[in-house]
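Chain by chain, the residues:
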Amino acid sequence: MRQVLVGSDARCLFAVSRLSDPGLRGAGPVLSAVPAERARGRRAALSFATIAVVLGLPLWWKTTETYRAALPYADIDELGQQPVRLVVPMAVVFGPGSVPRDLPRPLPFRDVQEMEISVLEQGIAGVLLFLRLAELRAHFALSQSETGIGVIFPTLPVLPSSPEADAALHPLQDTTMGSLTMYVVPETSSLLPQGINVYVGKHRSALVRAGGSLAALQARLREVTQVMSFTASSIAAALSDRVPSGQLSPDARRYLKSSLGYEITFSLLNPDPKSHTVDWDIEGAVNRYVKPVLDKLSLVANFSVDSQILYYAVLGVTPRYDKESSSFLLSAHSLPHVINPVEARLGSSAASLYPVLNFLLYVPERSHSPLYIQDKDGAPVSTNAFHSPRWGGIMVVAPHSQLVTLLALRLLFGLSREEVPPEFLLENPGNEGLADWELDHLLWAHTVENIATVSTTLTSLAQLLDKIGNIVIKDDVASEVYRAVASVQSAVTKLSLGHLHAAFQASKEAVTSSERAFFDPSLLHLLYFPDDQKFAIYIPLFLPMAVPILLSLAKIVRETRLRKKEPTKMD
């Protein structure tokens, strides 16, 4: 018989059957363990995220950052803004009877004259202030009043000439580089030839006629100072790469740029060795003519000299035959086409760190002999040679070859004597090739050029490093930059004090340090390592770790929002 329970009896039996079911006896503890497990998971996810953010990211950032040493950016910017003041110390020595009557003060006294010239260029901003310092000293004791100057010439039976007076006065004067000594003689003195008011010797002194008044004497001294030190055109020529072409003379861009060294190569070109057996004593010629000049220029830069003989080397231009003179001619417009074929055979500039000066002696072929060079007007060139700016020169075999080499050297270094007034007489420097004041002239120009070059180099380097953050800046690079800045500042200070030699040495040190910093190989180490490559490398490492942490954090945020939305139950 089946018994059916209804009502409260049935509900009681269902409850007893649930409690007696063995699968549900442990449900209570399991349900209570679920919230604790979720809380533990949340804490673990938060812990991993905290460790990754607080420790992992900073550690990764520090170990993978690009090291960049500090640089003096403010000092580099100031280099392009400060004016450069060039000071020429000048002592004016009055001989008996040469003191102007309208002198404002008794001797000795000091007078300063300033001249300001604006040079528009990028390395040095704006104004170059040329300060000429004239120190007027008391005259020497009188020994021979007829000479107009108080110097004893015991070995001379007659009154000395200008070169003899210059040589005798040399031991008495200041020989500091950049300084000048002006000896003022009476207007009627026989020391100077008739019609000559200024005699410039081989050293750092000049004989100047008094001129009658102080104003005339000052104007004459100003002209002499510009001839013996520097002019606006010589400084503009030194800065030719930074000055607009309208402010430059036609020959301004022809001179060699300042460098720490130069290589001079003498080449003998023999296009027809079967017909010509050519030999040359180049070593003896260099020691006799060129070495004295290079010894004097050794203050400016280091020089190395070599020679070579090239066979079957032709000019690449067919000369024109002239029936009237029975000779072959090279016209001026064909000379530029001569250099390129010959230069390919030289091979010296490819392996050199410094500018190369090429001096070529060409022996014409028998079928093209004799060979002469014509100028633009069609007249034959007396030296039978030509020179190419910043390259060198070529000469067809003719006498006085070494003299041509010296002239070409002077032209390449900008030592060609500018036009002077007709009442000026400049002494021939002789075998030395250049006078002492011409060496100072070269040092003035190269010092200013070095300062401008360093300013441009450091400014470009600072802009490059500031723009590209991937470039590593090592401590040795930073130290070279600091050294270059300090050397430039020292050079500017020395120039303002009239210490030319010290200023030039400081400018050379600045050029060396700036070039080392700019061309340091470590600057290119990470230059071509862009950010997209960084992401391509680091994403496969960090993504497997970051995805579980991010998903856990997203789940925690979602559960927190759902918990806030559930209504609170009240018993």
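Fair warning: this is a prediction, and the values are worked out from it, not measured in the lab. (Residues numbered from 1 in each chain as written. Predicted model: local features only at pLDDT ≥ 70, side-chain atom pairs only at ≥ 80, totals over all residues. Heavy atoms only, no water.)

Re the sheet that holds strand β11 (residues 356-362)
In spatial order, the strands read β8-β7-β11-β14-β13; together these five strands make up an open sheet with mixed pairing. Edge positions in the sheet fall to β8 (302-311) and β13 (385-388), since each has one partner strand and no second. In this sheet, neighbouring strand axes are inclined to one another by 15 degrees on average, regardless of whether the strands run parallel or antiparallel. Summarising the sheet, β13 and strand β14 (residues 392-396) pair through four bridges and their orientation is antiparallel. Directly across from Phe386, in β14, lies its bridge partner Ile394. Sheet strands in contact with helix α7 (residues 282-297) are β7 (261-270) and β8, and its direction is about 155 degrees off that of β8. Sitting on the sheet, helix α8 (residues 336-346) touches β7, β8, β11, β13 and β14, and the angle it makes with β8 is about 100 degrees. (Pairing = 2+ DSSP bridges. Helix = DSSP H or I, 4+ residues; strand = E, 2+ residues; numbered from the N terminus. Axes fitted to C-alpha atoms, helices over the stretch in contact; angles between N-to-C directions. Contact = heavy atoms within 4.5 Å.)

Observations regarding the UniProt feature "transmembrane region" (unreviewed entry) in the protein
Following the UniProt record, the feature "transmembrane region" (unreviewed entry) maps to residues 44-61 and 535-557 here. Between the end C-alpha atoms of residues 535-557 there is a gap of 28 Å, over a span that is 100% helix and 0% strand. (UniProt positions renumbered as here; feature names shortened; annotations may be inferred.)

Topic: the packing of aromatic side chains
Enumeration over the complete set of coordinates arrives at five aromatic pairs. Taking the centre distance of 5.5 Å and the plane angle of 20 degrees together, the rings of Tyr262 and Phe303 count as stacked. Note that Tyr262 is positioned in strand β7 and Phe303 in strand β8, a separation of 41 residues in sequence. (Phe/Tyr/Trp six-rings, centres within 6.5 Å; stacked < 30°, edge-to-face > 60°.)

Description of α7
Of all the bends in α7, the greatest reaches close to 55 degrees and is centred on Val290; the proline Pro292 follows between one and four positions later. Within the sequence span of α7, burial applies to Ile282, Ala285, Val286, Val290, Val293, Leu294, Lys296 and Leu297. (Bend = angle between axes of the 7 residues up to and from the residue. Buried < 20%, exposed > 50% of the residue type's maximum accessible area, 1.4 Å probe, protein only.)

Structural notes on α8
Taken together, the buried positions of α8 are occupied by Val338, Ile339, Val342 and Leu346. Down the axis of α8, the sector holding all buried residues measures 90 degrees, keeping them to one side. Counted as exposed and oriented over 90 degrees from the buried face of α8: His337, Asn340 and Ala344. Downstream of α8 by one or two residues, Gly347 has phi in the positive range, about 70 degrees. (Arc of directions from axis to C-beta.)

Structural notes on the pattern of salt bridges
The tally for this structure, following the rule as stated, stands at seven salt bridges. Salt-bridge contacts for Arg204 lead to Asp440; the nearest nitrogen and oxygen are separated by 2.5 Å. Of this pair, Arg204 sits in the loop between β5 (198-200) and β6 (205-209) while Asp440 is found in helix α10 (residues 436-467), placing the two residues 236 residues apart along the sequence. For Arg204, a relative accessible area of 7% translates into the label buried. The structure contains a network of salt bridges with shared partners spanning Arg204, Lys296, Asp436 and Asp440. (Salt bridge = Lys/Arg side-chain N within 4 Å of Asp/Glu carboxyl O.)

A few points about the packing of helix α11 (residues 475-497) against helix α12 (residues 500-518)
Packing of α11 against α12 leaves a shortest axis separation of 8 Å and a crossing angle of 160 degrees. Between α11 and α12, the angle is such that the two are roughly antiparallel. With respect to the hand of their crossing, α11 and α12 are arranged in left-handed fashion. Together, Val477, Glu480, Val481, Arg483, Ala484, Ser487, Val488, Ser490, Ala491, Lys494 and Leu495 of α11 and Leu500, Ala502, Ala503, Ala506, Ser507, Glu509, Ala510, Ser513, Ser514, Arg516 and Ala517 of α12 make up the contact between the two elements. Looking at the contact of α11 with α12 residue by residue, the classes come out as twelve nonpolar, five polar and five charged. (Parallel < 35°, antiparallel > 145°, perpendicular 65-115°, else oblique. Left-handed = near helix turned anticlockwise from the far one by under 90°. Nonpolar A, V, L, I, M, F, W, Y, C, P; charged D, E, K, R; others polar.)

Remarks on a nonpolar patch on the surface
A surface patch of nonpolar side chains, amounting to about 480 Å² of accessible area, comprises Ile51, Val53, Val54, Leu55 and Leu57. Here Val54 lies in helix α2 (residues 27-64). Taking the relative accessible area as the measure of exposure, Val54 reaches 53% and is therefore exposed. (Patch = residues over 30% accessible without salt bridge, like charges linked within 9 Å, V, L, I, M, F, W, Y side chains within 5 Å. Areas by Shrake-Rupley, 256 points an atom, 1.4 Å probe, with all protein chains shown as cover.)

Describing the sheet that holds strand β9 (residues 320-322)
Here we have three strands laid out as an open sheet, ordered β9-β10-β12, and mixed in their pairing. Bordering the open sheet on either side are β9 and β12 (371-373), each of which pairs with just one other strand. Between one strand axis and the next, the sheet turns by 40 degrees as a mean value, whatever way the strands run. Bridge count for strand β10 (residues 327-330) against β12 is three bridges, and the pairing is parallel.

Here's the deal with the side chain of Ser514
In this fold, Ser514 is placed in helix α12. Residue class for Ser514 comes out buried when judged on its relative accessible area of 1%. Looking at Ser514, its side chain comes within polar contact range of the main-chain oxygen of Val511, at 2.9 Å. (Polar contact = N/O pair within 3.5 Å; in protein donor to acceptor, adjacent residues only side chain to side chain.)

Details of the environment of Glu263
Mapped onto the fold, Glu263 is located in strand β7. As a C-alpha pair, Glu263 and Leu357 span 94 residues in sequence and 6.1 Å in three-dimensional space.

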